[in-house]
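Overview (structure and organization)
Residues per chain, in single letters:
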Amino acid sequence: MMICYHPENELLFDYASGSLEEEPSLVVAAHLAFCDLCREELRSMENLGGVLLADSGDEQMSPNALEAVISRLDSSPDASSDLQLTPSDPILPGPIARYVGSGLDGLRWRRVGLSVKEAVIPTANTKFRTSLLRIQPGTAIPNHTHVGSEYTLVLKGGILDDDRHYRRGDLMFEGEHDEHRPKAAEDEECICLVVLDAPLRFTGFFARLLNPSA
Amino acid sequence: MATAENEAKSNEAKALAACVLAIAETQDREAFAQLFGLLAPKVKGYCMKRGASAAEAEETVQETMIQVWRRAKQFDPNRAAVTTWIFTIARNKRIDQFRKEQHPEITEDDVIQNMSETVDAHTRIENLEAGTTLADRIRELPQDQAEVIHKAFFEDKTHQVIAEELDMPLGTVKSRIRLALSKLKSSMSEYE
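Residues numbered from 1 in each chain as written. Chains lettered and ligands numbered in written order. Predicted model: local features only at pLDDT ≥ 70, side-chain atom pairs only at ≥ 80, totals over all residues. Heavy atoms only, no water.

**Some points on the overall build of chain B**
Scanning chain B from N- to C-terminus turns up eight helices and zero strands. Ordered by position from the N terminus, the helices and strands of chain B form the series α-α-α-α-α-α-α-α. Taking all 192 residues of chain B together, 49% fall into the buried category. Sequence-distant contacts in chain B: of pairs separated by 6 or more residues, those separated by 24 or more amount to 63%. A total accessible area of about 9200 Å² is found for chain B, and carbon and sulfur atoms account for 49% of it. (Helix = DSSP H or I, 4+ residues; strand = E, 2+ residues; numbered from the N terminus. Buried < 20%, exposed > 50% of the residue type's maximum accessible area, 1.4 Å probe, protein only. Contact = heavy atoms within 4.5 Å. Areas by Shrake-Rupley, 256 points an atom, 1.4 Å probe, with all protein chains shown as cover.)

So, in structure tokens, the structure goes:
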């Protein structure tokens, strides 16, 4: 199995600089768990961040700043208690597992149409809708055009879109005005992470399913 | 560029790494104070360049340096330069502080093996060592390319927002970012 569909360089760049919002960042981070190539790209972009930081020019700290930090060191637990424990899950990569905690079965799934279930993941910005979807094999979505953007990361099974086949770890990005006709692969259930931008106007592949008035 | 300058930078990078390792191994407070002296003003400068007030910037510095203390054991000098590592910590602290949101991270433990092509060790080392000359290459970038890099890293703007702000097609901003990155990258292999 091989990752074929990666985030565009600019998306990775926004993630590296820290300008990308939490929700699309989650999609990128989850893809990174699968993809050595993108992790290496990221490393060189973060390297750039390090250089810009070192090159920033010094601003003098206030005289008691070091003392203030040192006085807090003792009350700071070390990394073992600092790191969030990542529940191990066969389907969910670490970045998603840390949001979900309970694993797939512990989530509250809601039926969306006949062949799709959705579990919403709470995140910081209401501008986005972040969910896990379970889709029955072969489920097709009518031809449509986009209003907002849609980020989809396949976690199990596959999605077919024209001649493209997205599998576990692949990232599908649908920008505004993109037009297409995707469908879940026939052989097994498809599980994916979907982040919708501007969900109030959603018309994307999944947006269409999730939109209550669709 | 003069080799002496290169060497000075490389020595500085090694000194920073030695501080972090001393903190990791023996909770060395002197090493921590030394690291603080070298990097806290830079982190503060970086935050203020990004629009933070002096007080806000110092708060980010405090949070960043405490995280450095706590996570020193996780620092791997073979994977990243100290400045790169600290950049990622400061970036995440800023996001937490100003945007009240998370920056979902990827840790070594999250890596799912054998899913993608792998990157050879040679490339990794190039990437690591390149930091010392990268600063000069950034200064040599044409103004239009440097502008998008700076807006992303210092003004917290996504490439989409940058395009809107510069009243430019998204494609133009994308190609500037790509050009700049490929230029910086080719400078990395030249360094070898």
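**Some details on the pattern of salt bridges**
Residues and elements named next belong to chain A. Counted according to the given criterion, the structure contains 30 salt bridges over all chains. The partner of D197 in a salt bridge is K127, with the nearest N and O atoms 4.0 Å apart. Of this pair, D197 sits in strand β11 (residues 190-197) while K127 sits in the loop between β2 (116-120) and β3 (128-135), placing them 70 residues apart in sequence. For D197, a relative accessible area of 17% puts it in the buried group. For K127, a relative accessible area of 42% gives the class partly exposed. Close ionic contact of K156 with E188 constitutes a salt bridge, the shortest N to O distance being 3.6 Å. Highlighted residues: K156 in strand β5 (residues 150-156) and E188 in the loop between β10 (183-184) and β11, separated in sequence by 32 residues. (Salt bridge = Lys/Arg side-chain N within 4 Å of Asp/Glu carboxyl O.)

**Things to note about the pairing of β5(A)**
Residues and elements named next belong to chain A. Buried residues dominate β5, accounting for six of its seven residues. Strand direction decides the pairing type here: β5 and strand β8 (residues 171-174), joined by four bridges, are antiparallel. Among the inter-strand pairings, Y151 is bridged to a residue of β8, identified as F173. Relative to β11, β5 runs antiparallel, the two being bridged by six bridges. Counted as the bridge partner of K156 is I191 from β11. (Pairing = 2+ DSSP bridges.)

**Quick notes on the interface of chain A and chain B**
On the chain B side, the residues contacting the 73 residues of chain A number 77 residues. Of the roughly 7100 Å² buried between chain A and chain B, counting both surfaces, carbon and sulfur atoms make up 59%. Sorting the residues of chain A by area buried against chain B places A:E10, A:L53 and A:M61 first, and these three jointly supply 10% of that buried surface. In this structure, the connection of chain A to chain B is made through eight salt bridges. (Buried area = accessible area lost by both parts, 1.4 Å probe.)

**Some points on the confidence of the model for chain B**
Any region with low pLDDT has predicted coordinates that should not be read closely. Residue and element names in this part refer to chain B. Scored by pLDDT, chain B comes out at a mean of 86, with 89% of its residues at no less than 70. The least confident element of chain B, judged by mean pLDDT, is helix α5 (residues 121-140) at 68; the most confident is helix α3 (residues 54-71) at 95. The ipTM assigned to the predicted complex is 0.88, against a pTM of 0.89. (pLDDT = per-residue confidence, 0-100.)

**Notes on the sheet that holds β3(A)**
All names here are of chain A. Pairing within the open sheet is antiparallel, and its six strands lie in the order β1-β2-β3-β11-β5-β8. The two strands at the open ends of the sheet, each matched to only one other strand, are β1 (110-112) and β8. Recorded for the sheet is a direction-independent mean angle of 30° between the axes of neighbouring strands. One ladder, built from eight bridges, connects β3 with β11; its direction is antiparallel. (Axes fitted to C-alpha atoms, helices over the stretch in contact; angles between N-to-C directions.)

**Examining the pairing of β2(A)**
All names here are of chain A. In terms of strand pairing, β1 meets β2 through three bridges, oriented antiparallel. Among the inter-strand pairings, R110 is bridged to a residue of β2, identified as E118. Hairpin remark: β1 followed by β2, antiparallel, with three residues in the connecting loop; positive phi at G113, about 70°. Relative to β3, β2 runs antiparallel, the two sharing five bridges. Bridged to V120 within β3 is S131.

**A closer look at the sheet that holds strand β6 (residues 159-161) of chain A**
All names here are of chain A. Within the open sheet, the three strands sit side by side as β7-β6-β10. Their pairing is antiparallel. Edge positions in the sheet fall to β7 (164-166) and β10, since each of these pairs with one other strand and no more. By the bridge criterion, two bridges tie β6 to β10 in an arrangement that is antiparallel. Across the sheet, the residue bridging to L160 is K183, located in β10.

**Quick look at the nonpolar core**
A:L48, A:I96, A:L132, A:L155 and B:L35 are the most contacted members of the largest nonpolar core, which totals 96 residues. When residues in this core are grouped by element, the largest group, nine residues, is from helix α2 (residues 29-49) of chain B. The contact partners of A:I96, leaving out residues within four places of it in the chain, are A:L26, A:A30, A:I121, A:L132, A:L155 and A:L193. Listed in part, the 14 residues of the second largest apolar core include A:V116, A:I135, A:A184 and A:V194. (Core = buried A, V, L, I, M, F, W, Y, C linked by side-chain atoms within 4.5 Å.)

**Points about the environment of A:E8**
Residues and elements named next belong to chain A. Within the secondary structure layout, E8 lies in the segment before α1 (9-17). Classification of E8 as partly exposed rests on a relative accessible area of 34%. For the pair E8 and C38, spaced 30 residues apart in sequence, the C-alpha to C-alpha distance is 9.8 Å.

**Some points on the packing of α1(A) against helix α3 (residues 36-54) of chain A**
All names here are of chain A. The interhelical angle for the contact between α1 and α3, taken along N-to-C directions, is 50°, at an axis separation of 9 Å. Between α1 and α3, the crossing angle belongs to the class labelled oblique. As for how α1 packs across α3, the hand of that crossing is right-handed. Contacts between α1 and α3 involve N9, L12, F13, Y15 and A16 from the first element and C38, E41, L42, M45, E46 and L48 from the second. (Parallel < 35°, antiparallel > 145°, perpendicular 65-115°, else oblique. Left-handed = near helix turned anticlockwise from the far one by under 90°.)

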